[in-house]
Amino acid sequence: TRKELLEELADMDVTLRPVGSKASTRAKVAEVTKNWRQSVQRELLEPPIVRAEAERVVGSLGSGSLSLILGNAGDGKSAILEQTVESLEAAGGTVLAFRLDRRLTGFASTDELGRQLGLDMSPAAALKLAAGDGPGYLVIDQLDAVSLASGRMPENFDAVADLIAEAALLPQIGVVLACRGFDVENDHRIRTLTSRRQPTTVKVGALTDSEVNDAVDDMGLKSEDLTAEQRKVLRTPLHLVLLASIASQPEALSFHSSGSLFESFWERKRQTAKLRRADVKFNAVVEKVANTASDRQTLAVPVSVLDEDELIDHATVLISEHVLAREGDRVAFFHEAFFDYAFARHWVSRSESLVEFLCRAEQELFRRAQVRQILRHLHEQDPDRFITECEAALTSGDIRFHIKETVVAVIANL
């Protein structure tokens, strides 16, 4: 009988959920997705570029389906996810969407990940409870955060794989993943995980000339003034976002590379932050967040690290200017690419070599992205030092092979 079954289950600490938990879970799922959408919308152009890839993802989804969005850094994968989620919700679906790159600590299980998100159970279970008999969609942004190739938090891969497996067992639940193509190609775990499920793969392409022209014209700039090299840079949506932030400046179209765009963005945000608060410690806040993230090898850091010298008050200005993003008790840069740039910019002012920096601690996979950005920054700002640092890293017996491989890849790409 029901009574006997519940008594037996209670001996194994399995009990009925409290009355009203479905409504509570539905509200929590909606809140997690709302927070994710807001974090993405802060990075979007205004007006946003409508991406055809989002329509293809929506068309591929069904009960038990898996869709995989692949692209390069800054290509607009999150923006495509946001447009996908908007369409799914408009059609009556229940969506649980979150990003993996801003977790403060690791999670060994799906339940632990759920608790980090503010749920009291696995995200898959929470989604099914919230969706009921209707369609539900688990949307995981920044899957590359758990990749061996990118090295941000690869130890959490198993819990994410378990979560995807849980969702596959639930009726009327579809899964959408966004990941860098590089990580799928170079991490056998992600490649195996996705190939087993035979996902529908949607590759994110570069923006067209027409899309670039429309976006630039909407900023009040003249798209016909763009050089071929500038147009190539702006086919990456993130670079359009950077340009939009400096569009009102007289020399907005004087950039020649993504690095010079980041530099102009930095200076523009520093100036506007000073207008909000004359004594704002812009550099101090950026350096503190960048160095702490580097030391902890995470993309998000606790807000409490800004307690020193009351930096939190100054950080609030940078959050308002969308240089930083705050989610609960965590703070991160608005985009992972800007974290790499900010760290590299501060690092080059230090009186240490790349070999010394790498040998100060374990040469974890996390260091690869930093090495890439440092060398790219040096290539633009100090070509002679770029050559010196590359040679030293490649010939040192103290540098691990995967770092040397990264150095060679940077040289090859240049």
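The model shown is predicted, which means the values in this text are computed figures rather than measured ones.

Rules used throughout
- Residues numbered from 1 in each chain as written.
- Predicted model: local features only at pLDDT ≥ 70, side-chain atom pairs only at ≥ 80, totals over all residues.
- Heavy atoms only, no water.
- Helix = DSSP H or I, 4+ residues; strand = E, 2+ residues; numbered from the N terminus.
- Buried < 20%, exposed > 50% of the residue type's maximum accessible area, 1.4 Å probe, protein only.
- Contact = heavy atoms within 4.5 Å.
- Axes fitted to C-alpha atoms, helices over the stretch in contact; angles between N-to-C directions.
- Nonpolar A, V, L, I, M, F, W, Y, C, P; charged D, E, K, R; others polar.
- Patch = residues over 30% accessible without salt bridge, like charges linked within 9 Å, V, L, I, M, F, W, Y side chains within 5 Å.
- Areas by Shrake-Rupley, 256 points an atom, 1.4 Å probe, with all protein chains shown as cover.
- Salt bridge = Lys/Arg side-chain N within 4 Å of Asp/Glu carboxyl O.
- Lys, Arg positive; Asp, Glu negative; His and termini not counted.
- Charge placed at Lys NZ, Arg CZ, Asp CG, Glu CD.
- 1 Å grid on protein atoms, 1.4 Å probe; cavity = no way out; pocket = protein on both sides within 12 Å on 5 of 7 lines; lining within 4 Å.
- Points joined across faces, edges and corners; volume = space filled by probe spheres on them.
- Pairing = 2+ DSSP bridges.

**So, the environment of Ala293**
By the secondary structure assignment, Ala293 is in helix α14 (residues 282-296). Here Ala293 falls in the buried class, since its relative accessible area comes to 1%. Taking C-alpha positions, Ala293 is 36 Å from Asp209, a pair spaced 84 residues apart along the chain. Each residue touching Ala293, except ones within four places of it in the same chain, is listed here: Thr298, Val301, Phe339 and Phe366.

**Examining the packing of helix α18 (residues 367-381) against helix α19 (residues 383-395)**
Where α18 contacts α19, the two axes come as close as 6 Å, and the packing angle between them is 145°. In this structure, α18 uses Leu375, Leu378, His379 and Gln381 to contact α19, whose residues at the interface are Pro383, Arg385, Phe386, Glu389 and Cys390. Across the contact of α18 with α19, the residue classes tally to five nonpolar, two polar and two charged.

**Brief notes about a negative patch on the surface**
Taken together, Asp214, Asp217, Asp218, Glu224 and Asp225 make up a surface patch of like negative charges. In this fold, Asp218 is placed in helix α10 (residues 209-218). Note on Asp218: relative accessible area 53%, which makes it exposed.

**Regarding unusual backbone geometry**
Across the junction of Glu46 and Pro47, the peptide omega takes the value 0°, indicating a cis bond. Its location among the elements puts Pro47 in the loop between α2 (21-41) and α3 (52-60). You will see that Asp309, though not glycine, has its phi angle at about 60°, which is positive. Structurally, Asp309 is set in the loop between β6 (300-302) and α15 (311-320).

**Brief notes about empty space enclosed by the protein**
Evaluation of the coordinates by the stated rule reveals three cavities of 30 Å³ or more. Put simply, the parts of the chain that give the lining of the largest cavity at least two residues each are α4 (77-90) and α12 (237-246). Considering each element in turn, the lining of the largest cavity owes the most residues, four residues, to α4. Here the lining of the largest cavity is composed, by residue class, of 10 nonpolar, six polar and eight charged. Considering only enclosed or pocket space, the second largest cavity measures out at about 70 Å³ in volume. Lining of the second largest cavity is provided by Arg99, Asp101, Arg102, Leu299, Ala332, Phe333, Phe334, His335, Glu336 and Phe339. Of all the secondary-structure elements, those providing two or more residues to the lining of the second largest cavity are β8 (330-333) and α16 (336-347). Split by residue class, the lining of the second largest cavity holds five nonpolar, one polar and four charged.

**Topic: the pairing of strand β2 (residues 94-99)**
Within β2, five of the six residues are buried, leaving the element largely enclosed by the surrounding structure. Pairing of β2 with strand β3 (residues 136-141) involves six bridges; the strand directions are parallel. Across the sheet, residue Leu96 finds its bridge partner in β3, namely Leu138.

**Some thoughts on the environment of Lys274**
Following the sequence through the fold, Lys274 ends up in helix α13 (residues 258-276). For Lys274, a relative accessible area of 36% corresponds to the partly exposed category. Once the C-alpha coordinates of Lys274 and Val317 are considered, the two residues, 43 residues apart in sequence, prove to be 8.9 Å apart.

**Quick word on the sheet that holds strand β4 (residues 173-180)**
Read across the sheet, five strands follow the order β2-β3-β4-β1-β5 without closing on themselves; strand pairing throughout is parallel. For this open sheet the edge positions go to β2 and β5 (200-203), each flanked by a neighbour on one side alone. Between one strand and the next, the sheet's axes are offset by a mean angle of 15°, whatever the strand orientation. Bridging between β3 and β4 involves five bridges; their strand directions are parallel. Within β4, the residue paired with Leu138 across the bridge is Val175. Strands in contact with α4 are β1 (66-71), β2, β3 and β4; relative to β3, the strand with the most contacts, it is inclined by about 170°.

**Digging into a nonpolar patch on the surface**
Taken together, Leu394, Val408 and Ile411 make up a surface patch of nonpolar side chains, about 220 Å² in accessible area. Its relative accessible area of 30% is what places Leu394 among the partly exposed residues.

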